[in-house]
Amino acid sequence: MKQLSHENNFIYLCGALIALLFSASLVPELSGTWGEDLFSLVSLLMIVVSLKSIHTDVTWKKSLYIILLFLLIVNILGKIFHFGAISYFNLALLLFFFIGSFWRAYKQILFEGEVDTNKIIGSLSLYLLLGLAWTIIYLMLFQLDPTAFSGLETDTWKQNFAQMAYYSFVTLTTLGYGDVLPKNHVAQFFVYMEAIVGVFYMAIIVSSLISLRLANLKKKD
């Protein structure tokens, strides 16, 4: 395995995000709490990979250490106690992580260095971070109001993560299969906002990367 560097950092980040999504898909399939424990472990490892792969300022690194510590504490407490507040705190930490990672990775992809394979994979990482951020928002809404979405079973947020992530990415890509639907106005607002962001992502981020690539080629000529 190659040593992590600025030439392959987004490959590791993208792999960690895909691993998170895959572990979430195993939660409903594994008996007992094995699936949830696996998902919690992968979540912590994902933050560690992000800490190493996204080159950023000291403030964000300290924030990641704090998130990592609190997530570890929250997951331990969640095994002992079953308060709703623990779930909201866990989700809030993940949301902060996804949004913060998106912002810092975005600046590195568009404003630092030349466009290469690593940055193209980085743009995929940004797309995954967007879908995951909205996944957390939907899970929060569903925790607050179990009737906010149809097509979902009322269960722990970890049990619902895979299906909500599926719905989030279906919305982000504007596919809209219709098996899961928003049922109140707040949920509908976040759904159409995600669809708008998904369309603009393709129009702005991808076109910006192409423009940067062409500009780099002209400089070499």
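Read on for an overview of the structure. (Residues numbered from 1 in each chain as written. Predicted model: local features only at pLDDT ≥ 70, side-chain atom pairs only at ≥ 80, totals over all residues. Heavy atoms only, no water.)

Considerations on a nonpolar patch on the surface
On the surface, Ile66, Leu69, Phe70, Leu72, Ile73, Ile76, Leu77, Ile80, Phe81 and Phe89 cluster together to form a nonpolar patch covering roughly 890 Å² of accessible area. For the nonpolar patch, the leading source of residues is helix H3 (residues 58-80), giving 8 residues. When you line up the elements, Phe70 lands in helix H3. (Patch = residues over 30% accessible without salt bridge, like charges linked within 9 Å, V, L, I, M, F, W, Y side chains within 5 Å. Areas by Shrake-Rupley, 256 points an atom, 1.4 Å probe, with all protein chains shown as cover. Salt bridge = Lys/Arg side-chain N within 4 Å of Asp/Glu carboxyl O. Helix = DSSP H or I, 4+ residues; strand = E, 2+ residues; numbered from the N terminus.)

Examining the nonpolar core
Core analysis: the largest hydrophobic core is formed by 64 residues, its most contacted members being Phe98, Phe149 and Phe161. Elements with a minimum of two residues in this core: helix H1 (9-26), helix H2 (34-53), H3, helix H4 (84-111), helix H5 (117-144), helix H6 (157-172) and helix H7 (185-220). The element contributing the most residues to this core is H5, with 14 residues. Discounting chain neighbours no more than four positions away, the residues touching Phe161 are Leu21, Ala24, Phe39, Leu132, Thr135, Ile136 and Leu139. (Core = buried A, V, L, I, M, F, W, Y, C linked by side-chain atoms within 4.5 Å. Buried < 20%, exposed > 50% of the residue type's maximum accessible area, 1.4 Å probe, protein only. Contact = heavy atoms within 4.5 Å.)

A look at the layout of surface pockets
Taken as a whole, the largest pocket encloses approximately 500 Å³ of empty space. Lining the largest pocket are 23 residues; nearest its centre among them are Glu36, Asn75, Gly78, Lys79 and Lys158. Contributing elements (two or more residues each) for the lining of the largest pocket: H2, H3, H4 and H6. With 6 residues, the single largest contributor to the lining of the largest pocket is H3. (1 Å grid on protein atoms, 1.4 Å probe; cavity = no way out; pocket = protein on both sides within 12 Å on 5 of 7 lines; lining within 4 Å. Points joined across faces, edges and corners; volume = space filled by probe spheres on them.)

Structural notes on H2
Note that an α-helix has 3.6 residues per turn; residues three or four places apart therefore point the same way. Over its 20 residues, H2 runs 28 Å from end to end, which matches the ideal 28 Å to within 8%, given 1.5 Å per residue. Every buried residue belonging to H2 is among Gly35, Glu36, Phe39, Ser40, Val42, Ser43, Leu44, Met46, Ile47, Ser50, Leu51 and Ser53, and all of these are buried. (Expected span 1.5 Å × (residues − 1).)

Focus: the side chain of Thr171
Along the chain, Thr171 falls in helix H6. Thr171 sits in the buried class, given a relative accessible area of 8%. Contact partners of Thr171, with chain neighbours within four places excluded, come to Tyr138, Val191, Glu194 and Ala195.

Here's the deal with empty space enclosed by the protein
Per the stated rule, a full pass over the model turns up 1 cavity of 30 Å³ or more. Its boundaries defined by the atoms lining it, the largest cavity holds a volume of some 30 Å³. Contributing to the lining of the largest cavity are Phe39, Ser40, Ser43, Leu71, Asn75, Asn90, Leu94, Trp157 and Lys158. If you tally residues by element for the lining of the largest cavity, the top one is H2, at 3 residues. In terms of residue class, the lining of the largest cavity is built from 4 nonpolar, 4 polar and 1 charged. (Nonpolar A, V, L, I, M, F, W, Y, C, P; charged D, E, K, R; others polar.)

Side note on the environment of Glu114
If you trace the backbone, Glu114 turns up in the loop between H4 and H5. Separated by 67 residues in sequence, Glu114 and Leu181 have C-alpha atoms that sit 41 Å apart.

Structural notes on H1
For H1, built from 18 residues, the straight-helix expectation of 26 Å at 1.5 Å per residue is met to within 8% by its first-to-last C-alpha distance of 26 Å. Every buried residue of H1 is listed here: Asn9, Phe10, Leu13, Cys14, Ala16, Leu17, Leu20, Leu21, Ser23 and Ala24. Considering only its buried residues, H1 is in contact with H2, H4, H5 and H6.

Here we look at the packing of aromatic side chains
If you walk through the whole model with that rule in mind, you get 15 aromatic pairs. Both rings, one in Tyr138 and one in Phe149, keep their centres 5.4 Å apart while their planes meet at 65 degrees; by these two values the pair is edge-to-face. Taken together, the residues Tyr138 in helix H5 and Phe149 in strand E1 (residues 149-150) connect sequence positions 11 residues apart. Comparing Tyr138 with Phe149 shows no difference in burial state: the two are buried. Members of the aromatic cluster, joined through ring pairs, are Phe39, Trp157 and Phe161. (Phe/Tyr/Trp six-rings, centres within 6.5 Å; stacked < 30°, edge-to-face > 60°.)

Describing the packing of H1 against H6
Their axes nearest at 7 Å, the elements H1 and H6 cross at an angle of 130 degrees. With respect to H6, the axis of H1 lies oblique. Across from Leu21, Ala24 and Ser25 in H1, the residues of H6 making contact are Phe161, Ala162, Ala165 and Phe169. In terms of residue class, the contact of H1 with H6 is made up of 6 nonpolar, 1 polar and no charged. (Axes fitted to C-alpha atoms, helices over the stretch in contact; angles between N-to-C directions. Parallel < 35°, antiparallel > 145°, perpendicular 65-115°, else oblique.)

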